[in-house]
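# Structural description and commentary
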Amino acid sequence: MGRTRLWCAIATISTLAGATACAGQGTQQTGPPKGVSVSLNQWRSDETSHSIEVSVRNDTDASVRFADVRLVTASFAALPAEPVNTTVKRTPRVDLRIPYGEARCDPARIPQVRPATVIAHVQVGDGPLREVRFPVRHPDPTLTALVNAECGAFILRQSANVTFGDTWTREGRTLRGTVVVTRKGGDQPVTIDDLGGTTHFNVRPLSGRRRPVIVLGAGTPGLEIPVEITPARCDWHAFAEAKKAYLFPVWATVGRGERHWLIATPSTATQATFLSYAEDVCGVGGETPGA
């Protein structure tokens, strides 16, 4: 037995600290395997689950097994490694979906995206499992977009929140109700610049006004925006798989600041109202609205 192994055996028996130190010897950090690289992407369906794709490229004939993967960057809260147990052979791209933490935001401005690293435990061929650090290009466009979106919404929600009202009535082939703007902090005017629809529903202010739709004046605790909802599509297999049908973007500006956007999501009861209405308007056969 070599000196190092003998010392580790003695230390493991003697102290917990010794056991911890020796355990690290088999998982030393190394650079990525030759010909293997990663990039970051996000599918639209990932947004609702706060997930990101670690896209692996393997330009070699050696198979590489990824046991777990995690994203490390000062821009987002750290999460534990996500088990993936995926073997990647020669390929231009294989996506490994992992969650990412909440963005670290500033209440006054959107911070610059920070450098990032993907850390994974990988096994090349029949080799040992080892910890590998994959560099991520900086500034990464996917992370930049995520920071901008999440921190923009964070800034808006320091001043006001936007929700959907609970009362909705059928008016011909439309559904009418309100979008509610409630002040949360500060006293600056909050301008609701525009309301956006989703993959399955259109939303329109009854006033017909856009850019801006309405202004929550200084000292005003809240207001309601009368709106109407119409279906944007009527193919019901799409509704069955809809993950973003109820994620409505709202663009707004606080004071003289920059315009940002947040997502307003109806309550579960209101979502059921929207769906029941759309089923009735579209018909069981999936007719086009207005047909």
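In case you missed it, the structure is sitting above this.
Bear in mind the structure is a predicted one, so any value in this text is a computation, not a measurement.

Bringing the pattern of salt bridges into the picture now. A side chain of one charge can pair with a side chain of the opposite charge if their charged atoms are brought near each other. For the coordinates displayed, the defined rule picks out eleven salt bridges. A salt bridge links Lys244 to Glu47, with the nearest nitrogen and oxygen atoms 3.0 Å apart. With Lys244 in the loop between helix H4 (236–240) and strand E16 (248–254) and Glu47 in the loop between strand E2 (36–41) and strand E3 (51–58), the pair connects residues that are 197 residues apart, well separated along the chain. Among the residues examined, Lys244 registers a relative accessible area of 15% and is labelled buried. When the shortest N-O distance is used, the salt bridge between Glu53 and Arg97 registers 3.0 Å. Here Glu53, found in strand E3, pairs with Arg97, found in strand E6 (residues 91–99); they are 44 residues apart in sequence, far enough to count as distant. A cluster of three or more residues bridged by salt bridges with shared partners is formed by Asp46, Glu53 and Arg97.

Turning to the nonpolar core, a few remarks are in order. If you look at the biggest cluster of nonpolar residues, it comprises 32 residues, and the most contacted ones within it are Ile192, Leu195, Ile225, Ile229 and Phe274. Each residue touching Ile192, except ones within four places of it in the same chain, is listed here: Val162, Val181, Pro212, Val213, Ile214, Ile225, Val250, Trp251 and Ala252. In this structure, Val36, Val54, Val69 and Val84 belong to the second largest nonpolar core, which totals 29 residues.

What follows deals with helix H3 (residues 141–159). In a regular helix each residue adds 1.5 Å, so 19 residues correspond to 27 Å; H3 covers 28 Å between its end C-alpha atoms and thus fits that length. Residues of H3 that are buried: Thr142, Leu143, Leu146, Val147, Cys151, Gly152, Ala153, Ile155, Leu156 and Ser159. Two to three positions downstream of the cap, the backbone nitrogen of Thr142 sits 3.1 Å from a side-chain oxygen, assigning the N-cap of H3 to Asp140.

Before going further, it helps to examine the sheet that holds E16. In space, the four strands of this open sheet follow the order E14-E12-E16-E17, with antiparallel pairing throughout. In this open sheet, the two strands that pair with only one neighbour each are strand E14 (214–216) and strand E17 (259–264). Looking at each pair of strands side by side, their axes are set apart by 30° on average, direction ignored. Across five bridges, the pairing between strand E12 (residues 190–195) and E16 is antiparallel.

Spatial strand order, E2-E3-E6: three strands in an open sheet with antiparallel pairing. Sheet topology places E2 and E6 at the edges, where each strand pairs with a single neighbour. On average, each strand axis in the sheet is inclined to that of its neighbour by 25°, with strand direction left out of account.

Bringing the pairing of strand E4 (residues 64–73) into the picture now. In terms of residue burial, E4 counts as a mostly covered element, since seven of its ten residues are buried. Relative to strand E5 (residues 82–88), E4 runs antiparallel, the two being bridged by five bridges. Residue pairing across strands places Arg65 opposite Thr87, the latter belonging to E5. Pairing of E4 with strand E7 (residues 116–124), which is carried by nine bridges, proceeds in the antiparallel orientation.

Counting across every chain of the model gives two disulfides. Here Cys105 engages in a disulfide with Cys151; their sulfurs sit 2.2 Å apart. Handedness of the Cys105-Cys151 disulfide follows from its S-S torsion of about -85°: it is left-handed. Remark: Cys151 occurs in helix H3 and Cys105 occurs in the loop between E6 and E7; sequence separation between them is 46 residues. Covalently, Cys234 is tied to Cys282 through a disulfide, its sulfur atoms 1.7 Å apart. Here the S-S torsion is close to -55°, and the disulfide linking Cys234 with Cys282 is therefore left-handed. Taken together, the residues Cys234 in the loop between strand E15 (222–231) and H4 and Cys282 in helix H5 (residues 268–282) connect sequence positions 48 residues apart. Accessibility expressed as a relative area gives 0% for Cys282, which makes it buried.

Cut-off values and rules
- Residues numbered from 1 in each chain as written.
- Predicted model: local features only at pLDDT ≥ 70, side-chain atom pairs only at ≥ 80, totals over all residues.
- Heavy atoms only, no water.
- Salt bridge = Lys/Arg side-chain N within 4 Å of Asp/Glu carboxyl O.
- Helix = DSSP H or I, 4+ residues; strand = E, 2+ residues; numbered from the N terminus.
- Buried < 20%, exposed > 50% of the residue type's maximum accessible area, 1.4 Å probe, protein only.
- Core = buried A, V, L, I, M, F, W, Y, C linked by side-chain atoms within 4.5 Å.
- Contact = heavy atoms within 4.5 Å.
- Expected span 1.5 Å × (residues − 1).
- Polar contact = N/O pair within 3.5 Å; in protein donor to acceptor, adjacent residues only side chain to side chain.
- Pairing = 2+ DSSP bridges.
- Axes fitted to C-alpha atoms, helices over the stretch in contact; angles between N-to-C directions.
- Disulfide = S-S within 2.5 Å.

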